[in-house]
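The primary structure of each chain is shown beneath.
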Amino acid sequence: MDQEFHVSSLVVLTQPPLCHQLAEQIGALEGAEIHAVSETGKLVVTLEGPSQRPIMAAIDAINAMPGVLSAALIYHQFDDLDVECKE
């Protein structure tokens, strides 16, 4: 059975006073990890998932958060994984 593994990176611009609060909210999303938080309101985020759909849903959720000015996709890669089914 073939599966995919997707990884994306984003730069998220936030209102500076809300950057740490938003980093916590974004980090709580499934497959999200925060790698850097700048006091000027910039966050470096990676998203991982089994397909492009949950990654795009996470980006939409991030953009909809109050205090987020923009979420820019910087990088996206996917690989096919061979998974052997054992019964």
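- As annotated in an unreviewed UniProt entry, the protein is Chaperone NapD from Aeromonas popoffii.
- UniProt, in the comment section headed Sequence similarities (unreviewed entry), describes the protein in these words: "Belongs to the NapD family."
- Database annotation for the protein, UniProt heading Subcellular location (unreviewed entry): "Cytoplasm".

## Describing the nonpolar core
Here is step 1 of the chain: Core analysis: the biggest nonpolar cluster contains 17 residues, and Leu10, Val12, Ile26, Leu43, Val45, Leu47 and Ile62 have the highest contact counts within it.
Here is step 2 of the chain: Taken together, the elements giving at least two residues each to this core come down to β1 (2-14), α1 (19-27), β3 (42-49), α2 (52-64) and β4 (68-82).
Here is step 3 of the chain: With sequence-adjacent residues up to four places away left out, Ile62 is seen in contact with Leu10, Val12, Ile26, Leu29, Val68 and Ala71.

## Comments concerning the environment of Ile26
Here is step 1 of the chain: Along the polypeptide, Ile26 turns up in helix α1.
Here is step 2 of the chain: Between the alpha carbons of Ile26 and Asp80 there is a distance of 26 Å; along the sequence they are 54 residues apart.

Rules used in this analysis
- Residues numbered from 1 in each chain as written.
- Predicted model: local features only at pLDDT ≥ 70, side-chain atom pairs only at ≥ 80, totals over all residues.
- Heavy atoms only, no water.
- UniProt positions renumbered as here; feature names shortened; annotations may be inferred.
- Core = buried A, V, L, I, M, F, W, Y, C linked by side-chain atoms within 4.5 Å.
- Buried < 20%, exposed > 50% of the residue type's maximum accessible area, 1.4 Å probe, protein only.
- Helix = DSSP H or I, 4+ residues; strand = E, 2+ residues; numbered from the N terminus.
- Contact = heavy atoms within 4.5 Å.

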